[in-house]
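This is what each chain is made of:
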Amino acid sequence: MPCCDVDPEIETRHYPNGSSTGFRIAGFVLIGIGVLLILLCVPCWAWLAAIGALLIFLGILLIRK
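Rules and cut-offs
Counting of residues starts from 1 at the beginning of each chain's written sequence and follows it residue by residue. With the structure being a predicted model, the display of local features is reserved for residues of pLDDT at least 70 and the display and counting of side-chain atom pairs for 80 or more, all residues being used for whole-chain, interface and lining totals. Computation of side-chain values: all heavy atoms of the structure, hydrogens and water removed. Starting at the N terminus, helices and strands are each numbered in turn, a helix being any DSSP run of H or I of at least four residues and a strand any DSSP run of E of at least two. When accessible area is computed with a 1.4 Å probe and restricted to protein chains, residues below 20% of their type maximum are described as buried, those above 50% as exposed, and intermediate ones as partly exposed. Using a 1.4 Å probe, the Shrake-Rupley method yields the accessible areas, and only the shown protein chains count as cover for residues. Patch definition: residues with relative accessible area over 30% and no salt bridge; like charges joined within 9 Å; nonpolar side chains (Val, Leu, Ile, Met, Phe, Trp, Tyr) joined within 5 Å. Any carboxyl oxygen of Asp or Glu that lies within 4 Å of a side-chain nitrogen of Lys or Arg is treated as forming a salt bridge with it.

Caption draft 1: Here's a closer look at the overall build of the protein chain. Helix and strand content of the protein chain: 2 helices and 0 strands. Taking all 65 residues of the protein chain together, the buried fraction comes to 0%. Summed over all atoms, the accessible surface of the protein chain reaches about 6700 Å², with 73% contributed by carbon and sulfur.

Listed below in structure tokens is the structure:
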């Protein structure tokens, strides 16, 4: 004998999950265009500064381990 009554119908909500193929393709296309714009519009010195910062960070991680 159960200690409490269980309602057999549980209320659930359905949220959009982006399962539409068209929306997924459009999302990937927009991401690709955004990455391409960033790669083409950011000057070379900024990329070199970012790479330098990454190398410093990786060096610090190696020293600490």
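Here the narrative resumes, following the displayed structure.
Caption draft 2: Representation of a nonpolar patch on the surface. A cluster of nonpolar side chains, Phe-28, Ile-31, Val-35, Leu-36, Ile-38, Leu-39, Leu-40, Val-42 and Trp-47, forms an exposed patch at the surface whose accessible area comes to about 900 Å². When residues in the nonpolar patch are grouped by element, the largest group, 7 residues, is from helix α1 (residues 21-41). Considering the arrangement of structural elements, one finds Val-42 in the loop between α1 and α2 (44-64).

So yeah, pure geometry; function would need other evidence.
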